[in-house]
Amino acid sequence: MLIAYLLFVSTLLYESAICNAKKDCYKKCKCLGSYVDCSKKMMNTFPEALPPWMETLDLSLNKIDGTMTIDTNSYLLLTTLKLTKNSISSFPIFVNKSNINNLNLAHNKIEKLEALENLPSLKNLDMNKNKLVFLDDNSFPQSPHLKILNLNNNLITNLSANCLDTLTNLVELKISHNKLNNLPGGLFKKLKNLELLDLSRNHITVIHGLLFMDLVNLKTMILRQNQIEDLQDGSFFGLINLQSLHLEDNNLSKISKGWLYGLNSLVYLNISYNRIDQIKSGWEYCAELEELDLSYNKLQYIEKSNLENLRKLQKLHLNNNRLSFIEEGSFNNTPMIQILQMDHNYLSWLIEDAKETFIGLRNLKKLSLANNKILFIKKEAFSGLDNLDELNLLQNNVLEIQDEAFKYMPNLEYLYLNSSSLVCDCSMSWLKQPNIIENLPFDYINAFCGFPEKNKGKNLKEISLTDFSCLENSPKPMIIFHPESKMVLERQNITLKCGVNSSSTEKINFIWKKDNHDLELISTNHYSTLEFNGMTQFSVLNLYNISMSQSGKYQCVASNEFGITYSNRSVLSVVVYPFFAKVPGNSSVKTGLTAKLECAANGYPAPQISWQKDGGTDFPAAQERRMKVMARDDVFLIVDVKLVDMGIYSCTAKNVAGMIAANATLNVLEPPWFKSEMSNKQVRVGEEVVLECLSYGSPKPKIKWMKDGVSLTLSNRHFFTAENQLLVIMETNTDDSGTYQCEITNSLGVNSQKVDVLVMPLYRSLIHEYTLGVVVIVIIMCIIIISAIWVFFVYRAKRPSSNLINSADNKSLDSSNSKDSGTGESTKRSQEQLFNESLNACQKMNNNVGNLSPEINLPLLTHASVILGENSVKYKHSHTASPVQLSTTETHETVDDQIKCVKTSEKPCSIPVPLPNETQDLPTIVQQSSSHVCLHDPTVGPC
């Protein structure tokens, strides 16, 4: 109860206050609570005696002009002031600090922003429809609370780069319909909180890169109706929260990834009413895009890559372009599209001849193809549109609908179709099948038959199934001669021909298409002629001076009032004969370095480059893996060049049009060098001498022969052969002896070597030959002697040894006359010593022969016999009866001249043996045993 009472009392007090306020209200104004309406009162100054409690004052539509002074000291509650549609020429002067936060000065004549110092609480300033020309650095002093600024419809041509720096809390900025043609860099650097920027209807032509990079919280940008021709790379970089971008009605000609970079949060993009004729890939930066408006542009085709990365796109507007081709599979990249607008284009072939164009649009709800000149609906035209519920085919004069053309759209509810030329023959009878007619939405179909005569003018709904009859001679056009695929060289002429049958005598309308574009829409050097032969009409397409741009798929489209037909696509391949862009040149390289040959060729298809050396493909550099081909730089390299790499290299460029080749000579430079060293020569007088000087080098060295430092020249005895590498001297004489020098020279250096030639006189030659013969004979004799001795040793070793002297006297004689040297050697050692002495004698004879001594004087034992005992040698002189025994050991004593003969066998040998002091020839040792040695003297006889 108490609360109810208090509410009642407060209500009475409030009503009383209102009543008192109405009594105190300015007589020309109306007071509606805290709102005071003084508009349309023909006032020319700020009114006085206004109620102090007012919060909103409306002074619009008055006659206030000039400079206006406002004193708000008495109106502390005033927060909103409206001064629209007056004639104020300068910004109002506020005498003291005001609490006004909404100031509307639209539709005045203010030329400059100033005197904002006393509006510290201002949040919304509307300067629409004034005469502002320039904003300088002092236009907004100390305005940190301003959030909405409307400068639309002024005459602003320039903005100072720092004019907005104080507006740090600004949320909306509208500067549309001015005369801005340039935005200075750094203009928005302090506007971190800005969410809406409207720059539409200015004269801006270029958006520079990074211009908006500081607007990190911007959500909507409007740039429509400017004259923007160029969006530089990074134009919208930094707008990480931008969701809506309006670029309609400008002069943009292309979409590229450069200016789309950074629009990662963009949801809506409107680029309609521009001059865009191509879309380049770049949508990867707009992965969140849901609606794209490209209507009213100049697009002629959509390629498969043009819509990549638009996985979230739901609405696509392509109406009112020049589209005549959409590549198959283009919509596979946009599976979420629900609305597709393609009205007013040239996409008849899309429905008449294409296949599976709409595959991928499983979520499409609305498809509009109005006014695309569609005459024929093919069976597979709408395959893939499982969820389509609205199809707009209005303003297409459809003649024929193929069987089951709508079966791929089971959810179709709205089919908009109007035609007055349907060919209602048996090909259209499927429409009257019970399961078809019941499911078609005929409420939106306004179609009438144009042929045959019995059905002409009848509504499709009214014709019965029996009225759809077949005709024997159909007037529908039918292709009987398709254009052929051809390959042609650039700049040649080509002819394509298409033949059509029809029972109608009317002229068939032929259209030639290239890559699904009408040739009439393509600037090309061509013309077509018409030939008529009974029921067959021909169209001939002539292409003159054909260029690469005319390569493509050509198709003949024939139509009359009864139907339309498409020929097969003829592939025209324009090829360009190869031609060199870089021709290899001759080069010279030193051995061990790298040779570089350049070769590049153009043509179509791109020619293949190959290399050959001296007409072959296998050459040393390739076999030894010293060859490198750098295709990107059009360079052929041979590393560690060798002399075998020298030759003629051929660069061949080949494609289907033909082949060309260019040659270059590679010279390998090498200093002169000798293959082998020359050897000294020694010949006899009259013989010939051949000196070899085998040289190598590149260039080929020049050879010069010299003798004892003097150049040799040709004579009747001196000849140079094998390119001066051989010097032949015939019938040599002693004057030809000397030092011969071979000198080889090329551009890289000089090299030489020397050799000595000795020509021996005749007598020296004979001595030399005699000595040589003696040496040979002695060597043979030594070989025979050594062989005989070994045979003897082997023979004696196999026989039992017998002592020739067994008497005690012999033993005592041996014991008394032998002198031991103290070595303790036995008889076997003495025998080996004699054998070694005989070998030494042979060696000495060889040495003597080697010293060129023609006479050999050796001492002979001619007057005594020698018998070897076990430990002694016994000599028997021919004039002495008793023998003398000599020790076989080493001794320095002499032996008496008297010799005693001792019989050591039954038939002792009597061989003359010289006394120790005689120096004659030694006998030949022919037999040796453990008891004696038999020395053979040829004058006495065998042992």
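Section: the overall build of the protein
Next, step 1: Of regular secondary structure, the protein possesses eight helices and 65 strands.
Next, step 2: Here the protein holds 943 residues, and 44% of them are scored as buried.
Next, step 3: Once local pairs closer than 6 in sequence are excluded, the contacts in the protein between residues at least 24 apart make up 56%.

Quick notes on the layout of surface pockets
Next, step 1: Its boundaries defined by the atoms lining it, the second largest pocket holds a volume of some 460 Å³.
Next, step 2: Lining the second largest pocket we find 20 residues, and of these Phe325, Asp515, Asn516, Lys553 and Arg569 sit closest to its centre.
Next, step 3: Taken together, the elements giving at least two residues each to the lining of the second largest pocket come down to strand E26 (325-326) and strand E41 (552-560).
Next, step 4: A class-by-class count of the residues in the lining of the second largest pocket yields six nonpolar, six polar and eight charged.

A short note on the environment of His208
Next, step 1: Within the secondary structure, His208 sits in the loop between strand E16 (206-207) and strand E17 (220-222).
Next, step 2: Not counting the four nearest positions on each side in its chain, His208 is found in contact with Asn182, Gln232 and Ser235.

Section: a nonpolar patch on the surface
Next, step 1: Together, Leu210, Met213, Phe237 and Tyr261 line one region of the surface with nonpolar side chains, adding up to about 350 Å² of accessible area.
Next, step 2: Tracing the backbone shows Met213 in the loop between E16 and E17.
Next, step 3: Its relative accessible area of 35% is what places Met213 among the partly exposed residues.

Here's the deal with the state of the cysteines
Next, step 1: The final tally for this structure, using the stated rule, is six disulfides.
Next, step 2: Across the disulfide, Cys29 is cross-linked to Cys38 (sulfur-sulfur distance 1.9 Å). Every disulfide takes its handedness from the sign of the S-S torsion; for Cys29 and Cys38 that torsion is 110°, giving right-handed. Comparing Cys29 with Cys38 shows no difference in burial state: the two are buried.
Next, step 3: Through a disulfide, Cys424 is tied to Cys449; the S-S separation comes to 1.8 Å. With the S-S bond torsion at -90°, the cross-link from Cys424 to Cys449 turns out left-handed. Of this pair, Cys424 sits in the loop between strand E32 (414-423) and helix H4 (434-437) while Cys449 sits in strand E33 (residues 445-451), placing them 25 residues apart in sequence. Each member of the pair, Cys424 together with Cys449, is buried.

Details of the sheet that holds strand E53 (residues 689-692)
Next, step 1: With respect to topology, three strands assemble into an open sheet ordered E53-E58-E57, the strand pairing being antiparallel. Strand pairing shows two members of the sheet lacking a second neighbour, E53 and strand E57 (718-721), which therefore form its edges. Recorded for the sheet is a direction-independent mean angle of 20° between the axes of neighbouring strands.
Next, step 2: Pairing of E57 with strand E58 (residues 726-729), which is carried by four bridges, proceeds in the antiparallel orientation. Looking at the pairing, Thr721 lines up with Leu726 of E58.

Observations concerning the nonpolar core
It is characteristic of soluble globular proteins that their nonpolar side chains tend to be buried jointly.
Next, step 1: In this structure, Phe212, Phe358 and Phe382 are the most contacted members of the largest nonpolar core, which totals 139 residues.
Next, step 2: Elements supplying a minimum of two residues to this core: helix H2 (257-260), E26, helix H3 (348-352), strand E29 (376-377), E32, E33 and strand E42 (563-566).
Next, step 3: In terms of nonpolar packing, the next biggest core, distinct from the first, is built from 18 residues, Ile494, Ile546, Cys556 and Ala558 among them.

Re the pattern of salt bridges
Next, step 1: Overall, the coordinates contain 22 salt bridges when judged by the stated rule.
Next, step 2: Note that Glu284 and Lys257 form a salt bridge whose closest N and O atoms lie 3.2 Å from each other. On the criterion of sequence distance, the pair formed by Glu284 in the loop between strand E22 (278-279) and strand E23 (291-293) and Lys257 in helix H2 is long-range, its members being 27 residues apart.
Next, step 3: Given a relative accessible area of 33%, Glu284 falls into the partly exposed group.
Next, step 4: Measuring nitrogen to oxygen at the nearest pair gives 3.3 Å for the salt bridge that ties Glu404 to Lys407.
Next, step 5: On the basis of relative accessible area, Glu404 is assigned to the partly exposed category, the value being 29%.
Next, step 6: What you see here is one network of salt bridges that share partners, running through Glu624, Arg626, Lys642 and Asp645.

As for the environment of Ile377
Next, step 1: Mapping Ile377 onto the fold places it in strand E29.
Next, step 2: Judged by its relative accessible area of 0%, Ile377 is buried.
Next, step 3: Sequence separation between Ile377 and Ser348 is 29 residues; the distance between their C-alpha atoms is 8.9 Å.
Next, step 4: Those residues in contact with Ile377 that lie beyond four places of it in its chain are Ile351, Phe382, Leu393, Val398, Glu400, Ile401, Gln402 and Ala405.

Details of the sheet that holds strand E55 (residues 702-707)
Next, step 1: If you walk across this open sheet you meet the five strands as E52-E60-E59-E55-E56, and the pairing is mixed. Edge positions in the sheet fall to strand E52 (681-684) and strand E56 (710-711), since each has one partner strand and no second.

Section: the environment of Gly592
Next, step 1: Relative to the helices and strands, Gly592 is located in the loop between strand E44 (587-590) and strand E45 (595-598).
Next, step 2: Since its relative accessible area comes to 44%, Gly592 is described here as partly exposed.
Next, step 3: Sequence separation between Gly592 and Ile638 is 46 residues, and the spatial gap between their C-alpha atoms is 9.9 Å.
Next, step 4: Ignoring anything within four residues of it in the chain, the contact list for Gly592 reads Asp640 and Val641.

Quick look at the packing of aromatic side chains
Next, step 1: In this structure the tally under the stated criterion is 19 aromatic pairs.
Next, step 2: Residues Phe236 and Trp259 carry aromatic rings whose centres are separated by 6.1 Å and whose planes lie at 70° to one another, so their mutual orientation is edge-to-face. Taken together, the positions of Phe236 in the loop between strand E18 (230-231) and strand E19 (244-246) and Trp259 in helix H2 put the pair 23 residues apart, joining distant regions of the chain. Both residues of the pair, Phe236 and Trp259, belong to the buried class.
Next, step 3: Plain terms: the ring middles of Phe237 and Tyr261 are 5.6 Å apart, the flat faces sit at 5° to each other, and that makes the pair stacked. Placement of Phe237 in the loop between E18 and E19 and of Tyr261 in the loop between H2 and strand E21 (268-270) is noted, with a sequence separation of 24 residues between them.
Next, step 4: Here the aromatic residues Phe188, Phe212, Phe236 and Trp259 are joined through ring pairs into a cluster of three or more.
Next, step 5: Positioned above the aromatic ring of Phe538, the side-chain terminus of Lys497 is 4.7 Å from the ring centre.

Focus: the side chain of Asn655
Next, step 1: When you line up the elements, Asn655 lands in strand E50 (residues 647-655).
Next, step 2: Given a relative accessible area of 11%, Asn655 falls into the buried group.
Next, step 3: Residues within four places of Asn655 in sequence aside, it is in contact with Val576, Pro578, Gly603, Tyr604, Pro605 and Pro607.

Quick look at unusual backbone geometry
Peptide bonds are mostly trans, and most non-glycine residues show a negative phi.
Next, step 1: Along the chain, Tyr604 connects to Pro605 via a cis peptide bond; the corresponding omega equals -10°.
Next, step 2: Looking at the element boundaries, Pro605 is found in the loop between strand E46 (600-604) and strand E47 (608-613).
Next, step 3: A positive phi angle, close to 60°, is found at Ala49, a residue other than glycine.
Next, step 4: With a phi close to 70°, Asn309 is a non-glycine residue in the positive phi region.
Next, step 5: Considering the arrangement of structural elements, one finds Asn309 in the loop between strand E24 (301-302) and strand E25 (315-317).
Next, step 6: The partly exposed category is assigned to Asn309, whose relative accessible area is 35%.

Some thoughts on the side chain of Asn319
Next, step 1: For Asn319, the location among the structural elements is in the loop between E25 and E26.
Next, step 2: Of the polar contacts made by the side chain of Asn319, one reaches the side chain of Asn320; its length is 3.0 Å.
Next, step 3: Among residues more than four places away in sequence, those in contact with Asn319 are Ser295, Tyr296, Gln341, Met342, Asp343 and Asn345.

Quick word on the confidence of the model for the protein
Next, step 1: Considering every residue of the protein, the mean pLDDT works out to 80; 79% of them sit at 70 or more.
Next, step 2: Contacts of residues 11-23 to residues separated by more than four positions or lying in other chains number one contact, the stretch itself having pLDDT below 50.
Next, step 3: Below pLDDT 50 for its whole length, residues 868-882 participates in 69 contacts with residues either more than four positions away or in separate chains.

What counts, and where the lines are drawn
- Here the residue numbers are simple positions, counted from 1 along each chain's written sequence.
- Local features in this predicted model are restricted to residues of pLDDT 70 or higher, and side-chain atom pairs are both shown and tallied only at a pLDDT of 80 or more, whereas totals for entire chains, interfaces and linings draw on every residue.
- Water and hydrogen atoms were dropped before computing side-chain values, which therefore reflect all heavy atoms in the structure.
- Labels follow the DSSP assignment, with helices taken as runs of H or I lasting at least four residues and strands as runs of E lasting at least two, numbered in each case from the N terminus.
- Here the term buried applies to any residue with accessible area under 20% of the maximum for its type, exposed to any over 50%, and partly exposed to those in between, with areas from a 1.4 Å probe on protein chains only.
- What makes two residues a contact is simply this: any of their non-hydrogen atoms within 4.5 Å.
- Here a cavity means grid points, on a 1 Å grid over the protein atoms only, where a 1.4 Å probe fits yet cannot get out; a pocket means an open set of points with protein on both sides within 12 Å along at least five of seven lines; lining residues are those with an atom within 4 Å of a point.
- Grid points are joined across faces, edges and corners, and a volume is the space filled by probe spheres set on the points.
- Note that Gly is not counted as nonpolar here; it falls among the polar residues with everything else outside the nonpolar set of Ala, Val, Leu, Ile, Met, Phe, Trp, Tyr, Cys and Pro and the charged set of Asp, Glu, Lys and Arg.
- Put simply, a patch holds well-exposed residues, over 30% relative accessible area, that have no salt bridge, with like charges counted together within 9 Å and Val, Leu, Ile, Met, Phe, Trp or Tyr side chains within 5 Å.
- Per-residue and other accessible areas were derived by the Shrake-Rupley procedure at a 1.4 Å probe size, with only the shown protein chains allowed to occlude residues.
- Counted as salt bridges are all cases of a side-chain nitrogen of Lys or Arg within 4 Å of a carboxyl oxygen of Asp or Glu.
- Here, a disulfide means two cysteine sulfur atoms that sit within 2.5 Å of each other.
- In this scheme, strands are said to pair when DSSP sees at least two bridges between them.
- Inter-axis angles, ranging from 0 to 180 degrees, are taken between N-to-C directions of lines fitted to C-alpha atoms, where helices are fitted over the stretch in contact.
- Nine residue types can take part in a nonpolar core, namely buried Ala, Val, Leu, Ile, Met, Phe, Trp, Tyr and Cys, and a core is a set of them joined through side-chain atoms within 4.5 Å.
- By convention, a stacked pair of Phe, Tyr or Trp rings (six-membered ring in the case of Trp) has centres within 6.5 Å and planes under 30 degrees apart, an edge-to-face pair has planes over 60 apart, and any other such pair is tilted.
- A positively charged side chain is recorded as over a ring if its NZ (Lys) or CZ (Arg) lies within 6 Å of the ring centre. The angle to the ring normal must also be within 35 degrees.
- What qualifies as a polar contact is a pair of N or O atoms within 3.5 Å, subject to a donor-acceptor requirement within protein and to the restriction that residues adjacent in sequence count only when both atoms come from side chains.
- As a per-residue measure, pLDDT reflects the predictor's confidence and takes values from 0 up to 100.

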